[in-house]
Amino acid sequence: MAQQTTNKNEWPLWEVFIRSKAGLDHKHAGSIHAADAEMAIENARDVYTRRMEGVSIWVVESKYIHASEPGQSEELFEPANDKIYRHPTFYDLPDELKHM
Amino acid sequence: MTVDSLQEHFDDKVKREVTIEPRDWMPDDYRKTLLRQISQHAHSEIVGMLPEGNWITRAPNLRRKAVLLAKVQDEAGHGLYLYSAAETLGSSRDEMMEQLHSGKAKYSSIFNYPSLTWADMGAIGWLVDGAAIMNQVPLCRASYGPYARAMVRVCKEESFHQRQGFEIMLTLSNGTEVQKKLAQDALNRWWWPSIMMFGPPDDNSPNTEQSMRWRIKRISNDELRQRFIDVTVEQAKILGLTPPDKDLKWNEATGHYDFGAINWDEFWNVVKGNGPCNKERLEARKKAWEEGEWVREAALAYSKKRSERNNKISAKAA
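Thresholds, definitions, all that
- Residues numbered from 1 in each chain as written.
- Chains lettered and ligands numbered in written order.
- Predicted model: local features only at pLDDT ≥ 70, side-chain atom pairs only at ≥ 80, totals over all residues.
- Heavy atoms only, no water.
- Helix = DSSP H or I, 4+ residues; strand = E, 2+ residues; numbered from the N terminus.
- Buried < 20%, exposed > 50% of the residue type's maximum accessible area, 1.4 Å probe, protein only.
- Pairing = 2+ DSSP bridges.
- Axes fitted to C-alpha atoms, helices over the stretch in contact; angles between N-to-C directions.
- Contact = heavy atoms within 4.5 Å.
- 1 Å grid on protein atoms, 1.4 Å probe; cavity = no way out; pocket = protein on both sides within 12 Å on 5 of 7 lines; lining within 4 Å.
- Points joined across faces, edges and corners; volume = space filled by probe spheres on them.
- Nonpolar A, V, L, I, M, F, W, Y, C, P; charged D, E, K, R; others polar.
- Buried area = accessible area lost by both parts, 1.4 Å probe.
- Salt bridge = Lys/Arg side-chain N within 4 Å of Asp/Glu carboxyl O.
- Polar contact = N/O pair within 3.5 Å; in protein donor to acceptor, adjacent residues only side chain to side chain.

Draft legend 1. Structural context of unusual backbone geometry. For A:Met52, which is not a glycine, the phi torsion comes out positive at approximately 60 degrees. You can see A:Met52 is positioned in the loop between α1 (37–48) and β3 (56–61). Using a relative accessible area of 73% as the deciding quantity, one classes A:Met52 as exposed. Within the chain, B:Arg215 stands out as a residue other than glycine whose phi angle is a positive 60 degrees. By the element assignment, B:Arg215 lies in the loop between α9 (208–213) and α10 (221–239).

Draft legend 2. Quick look at the sheet that holds strand β2 (residues 26–33) of chain A. All names here are of chain A. Pairing within the open sheet is antiparallel, and its 3 strands lie in the order β2-β1-β3. A strand with exactly one partner marks an edge of an open sheet, and here the two such strands are β2 and β3. Taken pair by pair, the neighbouring strands of this sheet meet at an average axis angle of 30 degrees, ignoring direction. Taken together, the 6 bridges between strand β1 (residues 13–19) and β3 define a ladder with antiparallel strand orientation. Following the sheet pairing, valine 16 is matched in β3 by valine 59. Taken strand by strand, α1 contacts β1, β2 and β3, and its axis lies near 105 degrees from that of β2.

Draft legend 3. Spotlight on the side chain of B:Asn112. With respect to the helices and strands, the residue B:Asn112 is situated in the loop between α5 (93–102) and α6 (119–139). On the accessibility criterion, B:Asn112 (2% relative accessible area) is buried.

Draft legend 4. Highlighting the layout of surface pockets. Taken as a whole, the second largest pocket encloses approximately 690 Å³ of empty space. Those elements that provide at least two residues to the lining of the second largest pocket are β3 of chain A together with α4 (62–87) and α7 (145–173) of chain B. When the residues that make up the lining of the second largest pocket are grouped by side-chain class, the tally is 12 nonpolar, 6 polar and 8 charged.

Draft legend 5. How the structure looks around the interface of chain B and chain A. Contacts between the two partners involve 22 residues from chain B and, on the opposite side, 19 residues from chain A. Of the roughly 1900 Å² buried between chain B and chain A, counting both surfaces, carbon and sulfur atoms make up 62%. At the surface where chain B touches chain A, the tally comes to 2 salt bridges. A salt bridge links B:Glu21 to A:Arg19, with the nearest nitrogen and oxygen atoms 3.2 Å apart. Across the contact surface, chain B and chain A share 9 residue pairs in polar contact (both at pLDDT 80 or more). Where the side of chain B that touches chain A is concerned, the elements lending two or more residues are α4, α7 and α10 of chain B. Take the side of chain B that touches chain A: its biggest share by element is 10 residues, from α7(B). Residue composition of the side of chain B that touches chain A, grouped by class: 10 nonpolar, 6 polar and 6 charged.

Draft legend 6. Looking closely at the pairing of β1(A). Residue and element names in this part refer to chain A. Of all 7 residues in β1, 7 are buried; the element is thus mostly enclosed. Here β1 shows a buried face lined by Leu13, Glu15, Phe17 and Arg19 and a second buried face lined by Trp14, Val16 and Ile18. Where β1 lies against β2, 7 bridges are found, and the strand directions are antiparallel. Looking across to β2, one finds that tryptophan 14 is bridged to isoleucine 32. The hairpin turn running from β1 into β2, its antiparallel successor, is 6 residues long, and glycine 23 in that turn takes a positive phi close to 95 degrees.

Shown next, in the form of structure tokens:
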């Protein structure tokens, strides 16, 4: 995600999410500048889908994205660290057991 | 576009297996059917936390306790994925809560049975989650995108649920006589309700045909039920336990297990609210909702106060 601008005359920044194929999630592709949402979608089309990379576009003004602090990643994700029992491979079951 | 051509466009997409997304035009009945099914599914995840929550404090050791906690936590998460998918169809969370609490919306009947012993934690994981997975895997290809994507996430997380349940059953089956009896007793009580989880038989399931045409549903109730019985009977052999059905017999000609008559009167009776725990489950949900009221209010009040303060600061700066 790009940094927010402080220049008041600059068009606001938008984050662009592209659905590459029907049925899949929208994924963050990058960002662009645009004066409004409609222009943001058109600009996103021109910048990010020139080679048919998408079937759907979402744009969100960057200032509305709240992100976790990279510096606090360790404590944020720490709770999942020692819980290997959330994975199916944790359970040792007989080989003859099928369909599970 | 006229309604006719919109309908045609929709039908064509479904036929070509192109997912329907929230902003696409869809027939009213398709929307209604999905809303009913997805919210019912979400409610099942949330109410489904109760029978297992009952045993968290009494798990036999710390490992079992941590695993059971993780499983119940997953069910909460699954409920949330599904509520969010339902919200893309235009329903609000509060509206869905209201429908659950008033009894207007249903949830899976299996959760109206009590969890009487620790062995029930094994039987629920093995049978109830096993049946749920059997049901949910085809839903990963449902025609409505947000539902299908939620189901992919759910299925991925669900596989440990069944394995931990089977592990409990295996430990009990290899244990003392008393432990083995507990395991058999749990199987006896959960077997038939699990088989009923697939819903009424095909010839008495009014919504199936339309849902299959819309590709919300891919495989009929009876076919899924048969698949479940075929794999589960084999798994029971590994445990040395016997499903409580004297008519259960391998049929060489069909390549499937034959099984005894299902007590559909019991099923409909529980659906109507007369199961052993219907009242208790709904009351527990309502109590949780009411007792959480002050938390919801406090969080909103705090957020409002904070934004007012920020507005004041930026007004001063300007």
